[in-house]
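Remarks on the overall topology
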Amino acid sequence: MFTVHDDTLMGAHLSEIMPDAVHLDAEGLEARELNNQLRKLSQFHSHVVVHNPRARHNLGIGLESSSCEIHFLGSVGYYCGGFNAGANIVVHGNAGWGLGEAMASGRIVVKGSTAWAAGAGMRGGVIIIEGDGGPRTGIAMKGGDIFVAGSVGFMSGFMAHRGKIVVLGGAGDALGASMYEGRIFVAGAVASLGADAIERELDESDMEELRKDFERFGLSWPQEPIRKIEAEGRLWYFDKHEGRIWRSI
Amino acid sequence: MCGQCGFILKGSGLIGQLLTASESAMVHRGPDSTGFALYGEEPVEDRIVVRARLAQELNSNQVIQDIEHNVTAVQGSFVSEPQMTNGVKNSGTFLRLLVDFSGSPALLLEAIESVDGVYVHSMGRRLEIIKDVGTAEEVATCHGVVDFIGTHGLAHSRLATESTVDVELSHPFWARPYLDVAIVHNGQLTNYYKMRHLMSQRKLKFLTGNDSELIAVYIAEQLSEGRTLREALWKSIADLDGVFTYLLATETAIGCATDPLAIKPLVVTEVDGTVAMATEEQALRQVFDAELVTEYVREGSVAVWPAATVAKRGESVHSA
């Protein structure tokens, strides 16, 4: 989960590609104040660059839909982009726990890796993690898509109700444990599948969907084959006479 | 919840200041009490540093006389005048003693604690545990932690979840009576009473009923039996049940072990030879200006970072 970032290089790079950006220093600003400013600025500008996030929590919470791109220059702490209602957020570093928690729409791109539970309970929108996702990535997600260029940790997709997780670098233990209707596409080694998770054949519509996604988000097709993990459905209904099934999973 | 951190410097330096700055960024994780385990720079043969608290209602001069009497009775002697500090929020008088003593540490501990109302927080050739109620800033200012020079150390802000807010129940814990072993712990053990029962049968003693103290004593016992720190940490993952991400410091290293789910996070980084670890990444960013290369410790894993070799005052220091 190592990623190296350099503020200066990134800064120079950003100023070239977005000369019109508004710059904001997070240093000394309360998270609430910073988020209020982001809400306002994002309605009037095409790019907002936030300096010195210093891995602080609750940055970019509850932002609304706009054509603006919000860039955090450095790592962010817990719950970055939570309750996102349509904003485009780019994190030039790592993200802490609960990235994009309960987001409804919009897009969050993380150039580094994420800690636990990225996209927890998300309902829509897209999260793209260019490094590794931590354990429980996409836990209890109810919609939206998560793309991870690296690996994800244990119990990713746990209790996912809906939505899609695409992982290109393998997964830890108990992948897709107790899922409902979510789908996981994974390339690379999987340590183990979780309770009720089952591997299914990819059909042509899956392939078509993934091809479009990869093209849209600039992801390269993995060398290893992609597997599709879904819920077998044995946990969907409870019947007291099926105690044996419950004990077996 | 709790927030903990640890630092290993390249040589000797303002370890107390670093720990205070880092811990201050995690006040929201536990504002009840704060503690520091600091490893000073100058060990002297047969000399033991004792940190203790005297209950508030006691006459401290009388208590110190009683302690000196008991220490003399076990062939020990005070090297210098005892230092006294009044705690934050009337939490009592805090005592630092330098004792010349070559017997068993357990004997010295018993001699000191046989005086009523005296609670020994740490004993070691280099270890000094300073803990009190209040935030990192309050405790560090009150007890002069910011001026402390040393090679490595731990700090902990506590959110009391399973017992009351109390100085003795706050972290770090010393692995009594083993010199120089200290722990900070985030989590709770579920097989505490079983472990305590087994360890009591082996005549191990505890000051409190706190599960974190038990882990410290457990590891110290393993070390005293000749296991390496790494071996002891691995064994603890098998023997302990519950939630834990703990940092254990000795005179020569800081070790870490996590339970198989690692629900309590710990972020580690290294900057120019200084190794730093903290529950939250922002606590590290508080100390280092540059963007950091950080890593979360993995579930069910151990790590050991060696501390700098100790130099006597005036000598140059090289990292281990």
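So, a few notes on the structure that sits alongside this text. Owing to the predicted nature of the structure, the values given are computational and were not obtained by experimental measurement. (Residues numbered from 1 in each chain as written. Chains lettered and ligands numbered in written order. Predicted model: local features only at pLDDT ≥ 70, side-chain atom pairs only at ≥ 80, totals over all residues.)

**Let's talk about the interface of chain A and chain B**
Facing 19 residues of chain A, the contacting portion of chain B comprises 11 residues. The class makeup of the residues in the side of chain A that touches chain B is seven nonpolar, eight polar and four charged. (Contact = placed C-beta atoms within 7 Å. Nonpolar A, V, L, I, M, F, W, Y, C, P; charged D, E, K, R; others polar.)

**Some details on helix 1 (residues 15-24) of chain B**
Residue and element names in this part refer to chain B. Among the 10 residues of helix 1, seven are classified as buried, and the element is accordingly described as predominantly covered. The complete set of buried residues in helix 1 reads Ile15, Gly16, Leu18, Leu19, Thr20, Ser22 and Glu23. Where the residues of helix 1 are buried, they touch strand 1 (3-13), strand 2 (33-40), helix 4 (136-142), strand 9 (150-158), strand 15 (274-278) and helix 8 (281-285). (Buried ≥ 20, exposed ≤ 12 C-beta atoms within 10 Å, placed from the backbone. Helix = DSSP H or I, 4+ residues; strand = E, 2+ residues; numbered from the N terminus.)

**Some words on the environment of Gly143(A)**
All names here are of chain A. Its location among the elements puts Gly143 in strand 7 (residues 142-148). On the basis of neighbour counts, which here come to 18 C-beta atoms within 10 Å, the residue Gly143 falls in the partly exposed class. When the C-alpha positions of Gly143 and Arg39 are compared, they lie 24 Å apart, and in sequence the two are 104 residues distant. Contacts of Gly143, omitting those with residues within four sequence positions, involve Met122, Arg123, Gly124, Arg162 and Gly163.

**A word on the sheet that holds strand 12 (residues 242-249) of chain B**
Residue and element names in this part refer to chain B. The antiparallel open sheet is built from five strands, whose spatial order is 10-11-12-13-17. With one partner strand each, in any of the chains shown, strand 10 (173-174) and strand 17 (302-306) form the two edges of the open sheet. Where strand 11 (residues 182-189) and strand 12 come together, eight bridges link them in antiparallel fashion. Note that in strand 12 the partner of His185 across the bridge is Tyr246. (Pairing = 2+ DSSP bridges.)

**A word on the environment of Val302(B)**
Residue and element names in this part refer to chain B. In this structure, Val302 sits in strand 17. Judged by the 20 C-beta atoms lying within 10 Å of it, Val302 is buried. With residues up to four places along the chain from it excluded, the contact list for Val302 reads Arg230, Leu233, Trp234, Gly255, Cys256 and Ala257.

**Description of the packing of helix 6 (residues 211-224) of chain B against helix 7 (residues 229-239) of chain B**
Residue and element names in this part refer to chain B. At a closest axis distance of 9 Å, the pairing of helix 6 and helix 7 adopts a crossing angle of 135°. With respect to helix 7, the axis of helix 6 lies oblique. Helix-helix and strand crossings are classified by hand; for helix 6 and helix 7 the assignment is right-handed. Between helix 6, through Ile215, Tyr218, Ile219, Gln222 and Leu223, and helix 7, the contact on the second element is made entirely by Leu229, Ala232, Lys235 and Ser236. For the contact of helix 6 with helix 7, the residue count by class is six nonpolar, two polar and one charged. (Axes fitted to C-alpha atoms, helices over the stretch in contact; angles between N-to-C directions. Parallel < 35°, antiparallel > 145°, perpendicular 65-115°, else oblique. Left-handed = near helix turned anticlockwise from the far one by under 90°.)

**Things to note about the packing of helix 5 (residues 192-201) of chain B against helix 6 of chain B**
The description of two helices packed together rests on the angle between their axes and the distance between the axes. All names here are of chain B. As a packed pair, helix 5 and helix 6 sit with axes 11 Å apart at the nearest point and diverge in direction by 40°. One finds that helix 5 runs oblique with respect to helix 6. Viewed along their axes, helix 5 and helix 6 form a crossing whose handedness is left-handed. Listed contacts from helix 6 to Tyr192, Met195, Arg196 and Met199 of helix 5 are Asp211, Leu214, Val217 and Tyr218.

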